[in-house]
Amino acid sequence: QVHPRESGGGLVEAGGSLRLSCAASESLSPGTNTIAWFRQAPGKQREMVATIFSHGTTNYADSVKGRFSVTRDTAKNMVFLQMNDLQPEDTAVYYCNTLPCCVDWGQGTQGTVSS
């Protein structure tokens, strides 16, 4: 199994948006696997923020509910995380991985929100 590859991070002002992408190998296809987005802020433990189950339903951490949206393109083995109304506390390295957790972690993608 090849680890997922994250991209799309960047620097935005508070209230801005970012769209993250997760490229999964065919063996980790989001059409047959549950994929979750995690984030790790400096000095904090990695936390799960959004999940898209193999059957298509989604789940979100309370801290991002109503602001983040996880979607997928099963034909391209891609999972996306649309992040709106970003706040400085959303600053973190964002990762995607499978559930049950996990295969090897990728490098993640840095999202930085300035106040």
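Analysis parameters
Residues numbered from 1 in each chain as written. Predicted model: local features only at pLDDT ≥ 70, side-chain atom pairs only at ≥ 80, totals over all residues. Heavy atoms only, no water. Helix = DSSP H or I, 4+ residues; strand = E, 2+ residues; numbered from the N terminus. Rg over C-alpha atoms; globule rule 2.2 N^0.38 Å. Buried < 20%, exposed > 50% of the residue type's maximum accessible area, 1.4 Å probe, protein only. Contact = heavy atoms within 4.5 Å. Areas by Shrake-Rupley, 256 points an atom, 1.4 Å probe, with all protein chains shown as cover. Lys, Arg positive; Asp, Glu negative; His and termini not counted. Charge placed at Lys NZ, Arg CZ, Asp CG, Glu CD. Disulfide = S-S within 2.5 Å.

Caption draft 1: Expanded view of the overall build of the protein chain. The helix and strand inventory of the protein chain stands at zero helices and ten strands. Going from N to C terminus, the protein chain has its helices and strands arranged as β-β-β-β-β-β-β-β-β-β. For 115 residues, the compact-globule estimate of 2.2 N^0.38 gives 13 Å, and the C-alpha radius of gyration of the protein chain, at 13 Å, lies within 12% of that figure. Taken over the C-alpha atoms alone, the protein chain extends approximately 40 × 25 × 20 Å along its principal axes. Taking all 115 residues of the protein chain together, the buried fraction comes to 45%. Taking the intrachain contacts of the protein chain between residues at least 6 apart in sequence as the baseline, contacts between residues at least 24 apart amount to 53%. Carbon together with sulfur atoms contributes 46% to the accessible area of the protein chain, which is approximately 5900 Å² in total. In the protein chain, 9 positive and 10 negative side-chain charges are present, and the distance between their average locations comes to 3 Å.

Caption draft 2: Geometry of the state of the cysteines. Considering all chains together, one arrives at two disulfides under this definition. The residue that forms a disulfide with Cys22 is Cys96, at a sulfur-sulfur distance of 2.1 Å. Across the S-S bond linking Cys22 and Cys96, the dihedral sits near 80°, which makes this disulfide right-handed. In this pair, Cys22 sits in strand β3 (residues 18–23) while Cys96 sits in strand β9 (residues 92–99), placing the two residues 74 residues apart along the sequence.

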